[in-house]
Amino acid sequence: MDIRVEAVQYYDLQPSPFDDIPFYQSRVPSKDASVLELGCGTGRVLLPLTDYCGYIHGLDISEAMLSICRQKLQRANIPKDKASVEVADITNFSLDRTFDFIIAPFRVLQNLETDDQVNGLFDCIGAHLSRDGSCILNVFHPNRDADGLRKNWCTMEEKFSWEKSVGKVQITCHDRRPRMESEKLVLYPELIYRTYQENALQRETVLKIVMRCYYPQQFEQLIVDHGFKILNRWGGYADEPYGDGPELVVEFGHRG
Ligand SMILES: C[S@@+](CC[C@H](N)C(=O)[O-])C[C@H]1O[C@@H](n2cnc3c(N)ncnc32)[C@H](O)[C@@H]1O
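Residues numbered from 1 in each chain as written. Predicted model: local features only at pLDDT ≥ 70, side-chain atom pairs only at ≥ 80, totals over all residues. Heavy atoms only, no water.

Visitor: Help me understand the site of the ligand in this model?
Guide: Around the ligand, 20 residues are found, and the nearest of them are Y11, G39, R44, D60 and I90. A distance of 3.1 Å separates a nitrogen atom of the ligand from a polar backbone atom of I61. Within the backbone of I90, one N or O atom sits 2.9 Å away from a nitrogen atom of the ligand. Here the ligand, which alone exposes 600 Å², has 93% of that area covered by the protein. Considering only residue class, the shell around the ligand consists of 11 nonpolar, four polar and five charged. (Near = heavy atom within 4 Å. Polar contact = N/O pair within 3.5 Å; in protein donor to acceptor, adjacent residues only side chain to side chain. Areas by Shrake-Rupley, 256 points an atom, 1.4 Å probe, with all protein chains shown as cover. Nonpolar A, V, L, I, M, F, W, Y, C, P; charged D, E, K, R; others polar.)

Visitor: Could you clarify how one ought to interpret the pattern of salt bridges in this entry?
Guide: Between side chains of opposite charge, a pair can form as their charged atoms come close. Tallied over the entire structure, the rule returns 14 salt bridges. R44 is the partner of D20 in a salt bridge, and the nearest nitrogen-oxygen pair spans 2.8 Å. Here the residue D20 occupies a position in the loop between α1 (8–11) and α2 (21–27), and R44 occupies one in the loop between β1 (34–38) and α3 (46–49), the gap between them amounting to 24 residues. A relative accessible area of 0% places D20 in the buried class. If you follow the salt bridges from partner to partner, you end up with E158, R176, E190, R194 and E204 in one network. (Salt bridge = Lys/Arg side-chain N within 4 Å of Asp/Glu carboxyl O. Helix = DSSP H or I, 4+ residues; strand = E, 2+ residues; numbered from the N terminus. Buried < 20%, exposed > 50% of the residue type's maximum accessible area, 1.4 Å probe, protein only.)

Visitor: Help me out: how do you make sense of the nonpolar core in this one?
Guide: One broad trend across soluble globular proteins is that nonpolar side chains are buried collectively. With 32 residues, the main nonpolar core has L38, L109, I125, L137 and F219 as its most contacted residues. Counting only elements with at least two residues in this core, the list comes to β1, β2 (55–60), β4 (99–104), α5 (115–128), β5 (129–140), α7 (216–225) and β12 (247–254). With five residues, α5 is the largest single contributor of residues to this core. Among the nonpolar cores identified, the runner-up in size contains 31 residues, and V8, L66, C69 and F101 belong to it. (Core = buried A, V, L, I, M, F, W, Y, C linked by side-chain atoms within 4.5 Å.)

Visitor: Help me understand the side chain of T172, please; the structure alone is not making it clear to me.
Guide: Locating T172 in the fold gives a position in strand β7 (residues 169–181). Dropping the residues within four chain positions of it, T172 is found in contact with W162, E163, I192, Y193, R194 and Y196. (Contact = heavy atoms within 4.5 Å.)

Visitor: Sorry if this is basic, but what is going on with the state of the cysteines here?
Guide: In protein chemistry, a disulfide is the covalent bond that joins the sulfur atoms of two cysteines. Scanning all chains against the criterion turns up zero disulfides. This cysteine, C124, is not joined by any disulfide, and C135 carries the nearest cysteine sulfur, 11 Å off. Overall, the relative accessible area of 7% leaves C124 in the buried class. Of all cysteine sulfurs in the structure, the one in C154 sits closest to C213, which takes part in no disulfide; the separation is 11 Å. (Disulfide = S-S within 2.5 Å.)

Visitor: In this structure, what is going on with the environment of I21? I would like to understand it.
Guide: Here I21 is to be found in helix α2. A relative accessible area of 19% places I21 in the buried class. Distance in space between the C-alpha atoms of I21 and A83 is 17 Å, their sequence separation being 62 residues. Leaving out residues up to four positions away in the same chain, I21 has contacts with R44, V45 and P48.

Visitor: Help me understand the domain arrangement of the chain in this model?
Guide: How large an interface is tends to be reported as the accessible area lost when its parts come together. Here the chain is partitioned into domain 1 (8–142 + 214–254) and domain 2 (146–211). Between domain 1 and domain 2, the C-alpha centre-to-centre distance is 24 Å. Between domain 1 and domain 2, the residue contacts involve 13 residues of the former and 17 residues of the latter. Overall, the association of domain 1 and domain 2 removes approximately 1,300 Å² of surface from exposure, summing both partners, and the carbon and sulfur fraction of that is 64%. If you sort the residues of domain 1 by the area they bury against domain 2, Y10, L13 and E113 come out on top, with a joint share of 46%. Joining domain 1 to domain 2, the criterion identifies one salt bridge. The closest approach of N and O atoms between K184 and D115, which form a salt bridge, is 2.9 Å. Scanning the region where domain 1 abuts domain 2 turns up four residue pairs in polar contact (both at pLDDT 80 or more). (Domains from an automatic or database assignment. Buried area = accessible area lost by both parts, 1.4 Å probe.)

In structure tokens:
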């Protein structure tokens, strides 16, 4: 089941909490590089990378997200030998080739709920990363310690996230935090989109997502435990030191 079918129309409206696109453009190893984007969604990052690499391949489990990405690729006249996308589960796929650079922007790793899924992702990265290639994964840096999250994260109170006008339609997004799994710190937030016309509610759509949390040391350890070598790390996309910024961004490659 594609959980994003109803909410897909709102994805590109949300204001991004950071400007990560120049960062990913600057990390592409060369103009000829082959890039694999895991969880490419509507192509928010995939499209702006097409001018910076030889070829980019995107995978996503949501056909609804990919259909928007395909429309954008077509509108931009980007040929299939430059960029192409397909439905796949990033925890279990086989493409029969390797890539110079693998990315999963906007916290895709955190959508994986179980250890088996996380292990599957790292196995797939290992199998698809070229010998000298590198991979960048990113998660958010929790703004409180684990006990603080366990005690205070859940609330049924809706929190305002953003609003936007599209023509005569007003769109709002709130989030709700009904439950979490306390041991592994897996959060289950709900995003509630509402559309209004002349102040009358037209439609309400709820997207239930998974956000598994990682702390700075734990995130690096996870990567090392899966047999990789850390190459670089950042605390965000504005040069924040690792552990001091709002995001955790780690680049790694094969060991040895
Ligand atoms: C927050 S969006 C990020 C999209 C895009 N990377 C960006 O930066 O805008 C997370 C994406 O990961 C995809 N995703 C989550 N779990 C996945 C899985 N197991 N396999 C493939 N894609 C997955 C979702 O469908 C969604 O498009």
